[in-house]
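Residues per chain are reported as follows:
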Amino acid sequence: MAAAQAVEEMRTRVVLGEFGVRNVHTTDFPGNYSGYDDAWDQDRFEKNFRVDVVHMDENSLEFDMVGIDAAIANAFRRILLAEVPTMAVEKVLVYNNTSIVQDEILAHRLGLIPIHADPRLFEYRNQGDEEGTEIDTLQFRLQVRCTRNPHAAKDSSDPNELYVNHKVYTRHMTWVPLGNQADLFPEGTVRPVHDDILIAQLRPGQEIDLLMHCVKGIGKKVARVANPRLDTFSREVFRNEKLKKVVRLARVRDHYIFSVESTGVLPPDVLVSEAIKVLMGKCRQFLDELDAVQMD
Amino acid sequence: MEEDQELERKMSGVKTSMAEGERKTALEMVQAAGTDRHCVTFVLHEEDHTLGNSLRYMIMKNPEVEFCGYTTTHPSESKINLRIQTRGALPAVESFQRGLTELMNVCQHVLDKFEASIKEYKDQKASRNEATF
């Protein structure tokens, strides 16, 4: 009886001991346990699998996935973090930069700004294509010059009073439509997600004048996914001598809590759907390659 | 004459964009000389643990597969070596194909269930908002 329970625990629970975590890896593969049929069964998976949405608003989503293995849940997490396509500034053509921020630092900062444009409506840019066409590129112009404010009080030391345009925000970026983009995207829909991101600071006489090309790519996207929540499990019980022997902390192995926060370009539920589609696309790509190879 | 142990690289990748002189092979198969088709190492380019671990899990769930493992060759190279050994009845390529297909089915099912859950949550929230008015 105890042996059967121990086997059940080994298969389904990750145990949190006083000094370490045990039973971390999945062991329920066919042949490992006698008396268990562990071969993959799509119907059994579909019957046990469950998604429960705990909370959703326009920028964050929290949901539970039950009945799936760590390998696949982790694959979704990795894709959400790095492989969901997004539009971001990649090339910056600097016409004039007399600010104190170096060209490359400025370009780096611009590349991190989230751009509000649905990446599904754009294609990837072809390799070696310098110019960019309307189907794969968005152009933004940033042109700011700082001047002295002639109406400032004589003994004022507040930069907001003394200078005009001394802080460069994302709201100074203007969209330059290419080709037929003006018809496809109504005025005001293509813009940085936030208006008030500070890009650089200027003083009188300094100017920034540049053109940005924004393309579709994969890479860092600020979406935090945490699963499972190991850090919120209180382990205080291990400090109490008497309780230590009586209490056993364990986690259900195939229950995952996802918490997704979006940068604002796409709503978080669309992000998760896109991530799942990315994984399907990878599988399909290899299946097609295999079919092509077997044809020869 | 080479030794039996020497690896015979069987380059079976699909070459695209030949005009640019750039070979975008996504998949190669390496087989040691002398073995039959049940032990194969697949080299998957431009892939990492994301696909590697999930694919390994699906392939291991197949009772005909005796061994399945993957490694990233080096962190600066973006490719993985995935090795499959079957018990003899099934060629390794077929178990690879089956693993891919099953993983796709899992993703499809997860997508359907997820979208249904989201829709249900939105409907619930909408009806709750209406109820307060």
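Look a little higher up for the structure.
Sequence order as written defines residue numbering, which begins from 1 separately in each chain. Whichever chain is written first is A, and whichever ligand is written first is 1; the rest continue in order. Reporting of local features is limited, given that this is a predicted model, to residues whose pLDDT is at least 70; pairs of side-chain atoms are given and counted only at 80 or more, and all residues count toward the totals for whole chains, interfaces and linings. In computing side-chain properties, one takes all heavy atoms of the structure into account and sets aside hydrogens as well as water.

*Asks:* Would you mind going over the overall build of chain A with me for this structure?
*Replies:* Starting at the N terminus, helices and strands are each numbered in turn, a helix being any DSSP run of H or I of at least four residues and a strand any DSSP run of E of at least two. Across its full length, chain A carries 8 helices and 16 strands. Three exposure classes are used, based on accessible area relative to the maximum for each residue type with a 1.4 Å probe and protein chains only: buried under 20%, partly exposed in between, and exposed over 50%. Considering chain A as a whole, with its 296 residues, one finds that 42% of them fall into the buried category. Contacts are assigned to residue pairs with any non-hydrogen atoms lying within 4.5 Å of each other. Considering only intrachain contacts with a sequence separation of at least 6, the fraction spanning at least 24 residues in chain A is 75%.

*Asks:* It is not clear to me how the interface of chain A and chain B should be interpreted in this structure. Could you clarify?
*Replies:* The parts lose accessible area when they come together, and the size of an interface is often stated as this lost area. Taken residue by residue, the interface counts 49 residues in chain A and 44 residues in chain B. A 1.4 Å probe defines the accessible area here, and the buried area is the portion of it lost by two parts on being joined, summed over both. Of the roughly 4,500 Å² buried between chain A and chain B, counting both surfaces, carbon and sulfur atoms make up 71%. What counts as a salt bridge is simple: a side-chain nitrogen of Lys or Arg found within 4 Å of a carboxyl oxygen of Asp or Glu. Put simply, chain A and chain B have 3 salt bridges between them. Between R78 of chain A and D48 of chain B there is a salt bridge, and its shortest N-O distance comes to 3.0 Å. N or O atoms within 3.5 Å of each other form a polar contact, as long as, within protein, one can give a hydrogen and the other can take it, and as long as residues adjacent in sequence are counted only when both atoms are side-chain atoms. Inspection of the region where chain A meets chain B yields 10 residue pairs in polar contact (both at pLDDT 80 or more). Looking at the side of chain A that touches chain B, the elements with two or more residues in it are α2 (42-48), β3 (50-56), β4 (60-66), α3 (70-82) and α8 (268-295) of chain A. When its residues are assigned to classes, the side of chain A that touches chain B shows 29 nonpolar, 7 polar and 13 charged. Gly is put with the polar residues, along with every residue not named as nonpolar or charged; the nonpolar set is Ala, Val, Leu, Ile, Met, Phe, Trp, Tyr, Cys and Pro, and the charged set is Asp, Glu, Lys and Arg.

*Asks:* Please clarify how the sheet that holds strand β11 (residues 173-176) of chain A should be interpreted in this entry.
*Replies:* To summarise the sheet geometry, strands pair through backbone hydrogen bonds and adopt either a parallel or an antiparallel arrangement. Residue and element names in this part refer to chain A. One open sheet holds the 4 strands; their spatial order is β5-β14-β7-β11, and the pairing between them is antiparallel. In this open sheet, the two edge strands, each paired with only one partner strand, are β5 (86-97) and β11. Each strand axis lies, on average, 25 degrees off the axis of its neighbour in the sheet, ignoring direction. Should DSSP find at least two bridges between two strands, the strands are taken to pair. Judged from the 9 bridges that link them, strand β7 (residues 137-145) and strand β14 (residues 207-217) form a sheet pairing that is antiparallel. Directly across from L142, in β14, lies its bridge partner L210. In this analysis an axis means a line fitted to C-alpha atoms, helices contributing only their contacting stretch, and an angle means the value between N-to-C directions, from 0 to 180 degrees. The sheet strands contacting helix α4 (residues 103-111) are β5, β7 and β14, and the helix crosses β5 at an angle near 150 degrees.

*Asks:* How should I be thinking about helix α1 (residues 49-60) of chain B in this particular structure?
*Replies:* Side chains three or four residues apart in an α-helix point the same way, a direct result of the helix having 3.6 residues per turn. All names here are of chain B. To estimate how far a helix should reach, multiply one less than its number of residues by 1.5 Å. With 12 residues, α1 should reach 16 Å at 1.5 Å per residue; the first-to-last C-alpha distance of 16 Å fits that figure. Of all 12 residues in α1, 9 are buried; the element is thus mostly enclosed. For α1, the set of buried residues is T50, L51, G52, S54, L55, Y57, M58, I59 and M60.

*Asks:* What am I meant to see in a negative patch on the surface here?
*Replies:* Residues enter patches when they are more than 30% accessible in relative terms and free of salt bridges; like-charged ones are connected within 9 Å and nonpolar ones (Val, Leu, Ile, Met, Phe, Trp, Tyr) within 5 Å. Per-residue and other accessible areas follow the Shrake-Rupley method at a 1.4 Å probe size, with only the shown protein chains counted as cover for residues. Residues scored as charged are limited to Lys and Arg (positive) and Asp and Glu (negative), so that His and the chain ends carry no count. To locate a charge, take atom NZ for lysine, CZ for arginine, CG for aspartate or CD for glutamate. Taken together, D37, D41, D43 and E46 of chain A together with D112 and E115 of chain B make up a surface patch of like negative charges. Looking at the negative patch, the elements with two or more residues in it are α2 of chain A together with α2 (92-132) of chain B. Secondary-structure assignment places D43 of chain A in helix α2.

*Asks:* Just checking my understanding: could you explain the sheet that holds β3 of chain A for this structure?
*Replies:* Residue and element names in this part refer to chain A. Spatially, 3 strands are ordered β3-β4-β16 in an open sheet, and the strand pairing comes out antiparallel. This sheet does not close on itself; its edge strands, each paired only once, are β3 and β16 (255-261). Strand-to-strand twist across the sheet, computed as the mean angle between neighbouring axes with direction ignored, equals 20 degrees. Here 6 bridges tie β3 to β4, and the two strands are oriented antiparallel to one another. Bridging across to β4, M56 finds its partner in L61. Packing against the sheet, α3 makes contact with β4 and β16, and its axis sits at approximately 5 degrees to β16.

*Asks:* When you look at the packing of aromatic side chains in this model, what are you seeing that I'm missing?
*Replies:* Both the distance between ring centres and the angle between the ring planes are used here to describe each pair of aromatic rings. Two aromatic rings, drawn from Phe, Tyr or Trp (for Trp, its six-membered ring), form a pair once their centres lie within 6.5 Å of each other, and the interplanar angle then sorts them: stacked below 30 degrees, edge-to-face above 60, tilted otherwise. Here the structure, examined in full by the defined rule, presents 8 aromatic pairs over all chains. Two conditions define a charge sitting above a ring: the NZ of Lys or the CZ of Arg must be within 6 Å of the ring centre, and it must be within 35 degrees of the ring normal. Its guanidinium or amino end placed over the ring of Y169 of chain A, R171 of chain A lies 4.6 Å from that ring's centre, counting from NZ or CZ.

*Asks:* Where do I start with the side chain of T137 of chain A in this structure?
*Replies:* Residue and element names in this part refer to chain A. With respect to the element layout, T137 can be found in strand β7. Note on T137: relative accessible area 0%, which makes it buried. Beyond its immediate sequence surroundings of up to four residues, T137 is in contact with F122, R125, G132, L178, Q181, H213, C214 and V215.

*Asks:* What is the right way to look at α3 of chain A in this model?
*Replies:* Residues and elements named next belong to chain A. Its 13 residues give α3 an end-to-end C-alpha distance of 18 Å, which sits within 8% of 18 Å, the value for a rise of 1.5 Å per residue. When we look at burial in α3, the residues that qualify are A71, I72, A73, A75, F76, I79 and L80. Residue D69 occupies the N-cap position of α3, its side-chain oxygen lying 3.0 Å from the main-chain nitrogen of A71.

*Asks:* Where do I start with unusual backbone geometry in this structure?
*Replies:* One can expect most non-glycine residues to show negative phi and most peptide bonds to be in trans. Positive phi is not limited to glycine here, since N165 of chain A has a value of about 60 degrees. You can see N165 of chain A is positioned in the loop between β9 (163-164) and β10 (167-169). Look at E46 of chain B: it is not a glycine, yet its phi comes out positive at around 55 degrees. Relative to the helices and strands, E46 of chain B is located in the loop between β3 (39-45) and α1.

*Asks:* So what exactly am I meant to see when it comes to the pattern of salt bridges here?
*Replies:* Pairing between side chains of opposite charge can happen when the charged atoms of each approach one another. In this structure the tally under the stated criterion is 12 salt bridges over all chains. The partner of D52 of chain A in a salt bridge is R50 of chain A, with the nearest N and O atoms 3.1 Å apart. According to the relative accessible area criterion, R50 of chain A is partly exposed, its value standing at 42%. R98 of chain B is the partner of E102 of chain B in a salt bridge, and the nearest nitrogen-oxygen pair spans 3.2 Å. Of this pair, E102 of chain B and R98 of chain B both sit in helix α2, 4 residues apart, roughly one helical turn. Of the residues examined, E102 of chain B reaches a relative accessible area of 12% and is grouped as buried.

*Asks:* What is the right way to read the side chain of S95 of chain B from this model?
*Replies:* All names here are of chain B. Tracing the backbone through its elements, the reader meets S95 in helix α2. With a relative accessible area of 1%, S95 lands in the buried category. Setting aside anything within four residues of it in sequence, one finds S95 in contact with I59, N62, V65, I84, T86 and L90.

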